[in-house]
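# Descriptive structure summary
Residues per chain are reported as follows:
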Amino acid sequence: MFGNDDDYGPRPINWGRAAIVLVLVLGLAVILMLLVVTADFGDKSPSTTVPKTPGPCAPFCPTNAR
């Protein structure tokens, strides 16, 4: 009666349910990320755009040499 530990040990993990929960959590995270990235917060100020700098692009010019 007291020598059998099968009734008192932790329950085994159901990997199917764990995988479904993981996929649902990751899917929810991706959906929330897309909602935040595409959100329009109403700020239409022109100072949010990056101005183009005059002059050469060195040292960041793309090279065509292969």
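Here the structure is a predicted model, which means the values were calculated and not measured.

## Remarks on the overall build of the protein
For the protein, the count of helices and strands is one helix and zero strands. Counting every position in the protein, which comprises 66 residues, the buried fraction comes to 0%. Summing over all exposed atoms, the protein offers an accessible surface of approximately 7,100 Å²; the carbon and sulfur share of this is 68%.

## Here we look at helix H1 (residues 15-37)
The terminal C-alpha atoms of H1, which comprises 23 residues, lie 33 Å apart, in line with the 33 Å expected from a rise of 1.5 Å per residue. For H1, the buried fraction is low: zero of the 23 residues fall into the buried class. Taking the backbone nitrogen of Gly16 as reference, a side-chain oxygen 3.2 Å away marks Asn14 as the first, capping residue of H1.

## Points about a nonpolar patch on the surface
A cluster of nonpolar side chains, namely Leu28, Ile31, Leu32 and Leu35, defines an oily patch on the protein surface of about 400 Å² accessible area. The topology assignment puts Leu35 in helix H1. Taking relative accessible area as the criterion, Leu35 reaches 54% and is therefore assigned exposed.

Procedures and definitions
Residues numbered from 1 in each chain as written. Predicted model: local features only at pLDDT ≥ 70, side-chain atom pairs only at ≥ 80, totals over all residues. Heavy atoms only, no water. Helix = DSSP H or I, 4+ residues; strand = E, 2+ residues; numbered from the N terminus. Buried < 20%, exposed > 50% of the residue type's maximum accessible area, 1.4 Å probe, protein only. Areas by Shrake-Rupley, 256 points an atom, 1.4 Å probe, with all protein chains shown as cover. Expected span 1.5 Å × (residues − 1). Polar contact = N/O pair within 3.5 Å; in protein donor to acceptor, adjacent residues only side chain to side chain. Patch = residues over 30% accessible without salt bridge, like charges linked within 9 Å, V, L, I, M, F, W, Y side chains within 5 Å. Salt bridge = Lys/Arg side-chain N within 4 Å of Asp/Glu carboxyl O.

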